[in-house]
Amino acid sequence: MNLLKDFCKYLGKITTIEETYIYLLVATTVVFLMFLGLRKFGKFIINKKFTDRKGFYITQSFLMILNIIEILCFLFIWDDYIKDLMTLIS
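Residues numbered from 1 in each chain as written. Predicted model: local features only at pLDDT ≥ 70, side-chain atom pairs only at ≥ 80, totals over all residues. Heavy atoms only, no water.

Colleague: Got a sec to walk through the pattern of salt bridges? Specific residues and values, please.
Modeller: The final tally for this structure, using the stated rule, is one salt bridge. Residue Glu70 is joined to Arg39 by a salt bridge in which the shortest nitrogen-to-oxygen separation is 2.2 Å. Taken together, the positions of Glu70 in helix H3 (residues 53-77) and Arg39 in helix H2 (residues 19-49) put the pair 31 residues apart, joining distant regions of the chain. (Salt bridge = Lys/Arg side-chain N within 4 Å of Asp/Glu carboxyl O. Helix = DSSP H or I, 4+ residues; strand = E, 2+ residues; numbered from the N terminus.)

Colleague: Account for unusual backbone geometry, naming residues and giving values.
Modeller: Phi angles above zero are rare outside glycine, and Thr16 is one such case at about 60°. With respect to the helices, strands and loops of the structure, Thr16 is situated in the loop between helix H1 (2-15) and H2. Residue Thr16 is classed as exposed on the basis of its relative accessible area, which comes to 71%. (Buried < 20%, exposed > 50% of the residue type's maximum accessible area, 1.4 Å probe, protein only.)

Colleague: Can you tell me about H1, naming the residues and giving the values?
Modeller: Each turn of an α-helix holds 3.6 residues, which means side chains three or four residues apart point in the same direction. Over its 14 residues, H1 extends 20 Å from the first C-alpha to the last, a length consistent with the 20 Å expected when each residue adds 1.5 Å. The positive-phi residue at the C-terminal boundary of H1 is Thr16, with phi of around 60°. (Expected span 1.5 Å × (residues − 1).)

Colleague: Please set out the state of the cysteines residue by residue, giving values where relevant.
Modeller: If you walk through the whole model with that rule in mind, you get zero disulfides. Of all cysteine sulfurs, the one in Cys73 lies closest to Cys8, which takes part in no disulfide; the gap is 18 Å. Residue Cys8 is classed as buried on the basis of its relative accessible area of 1%. (Disulfide = S-S within 2.5 Å.)

Colleague: Tell me about the packing of aromatic side chains, residues and numbers included.
Modeller: A full pass over the atoms with the stated rule returns one aromatic pair. Pairing Phe56 with Tyr57 gives two aromatic rings, centres 5.3 Å apart and planes at 70°, and the pair type is edge-to-face. Arg53 extends its terminal NZ or CZ atom over the ring of Phe56, reaching a point 5.0 Å from the ring centre. (Phe/Tyr/Trp six-rings, centres within 6.5 Å; stacked < 30°, edge-to-face > 60°. Lys NZ or Arg CZ within 6 Å of the ring centre and 35° of its normal.)

Here it is in structure tokens:
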């Protein structure tokens, strides 16, 4: 955890962006890459086990559940900043 904070401080000095926003972007990127790996690994395992039409539906269900969990993780990361983001968008 200290390594991540030190890395965010270093990036903040280089880019003159606030450290908290860099931390949010790095955490979001890590979660995105983690779920990308889970998607690929899960599809590989499901397609290896099921070769018929049932495998397709299991894969789609798996991806849908994974996407919901990913969105919840993003909401958890960006929880304090969603209000500001909605104000910016509107």
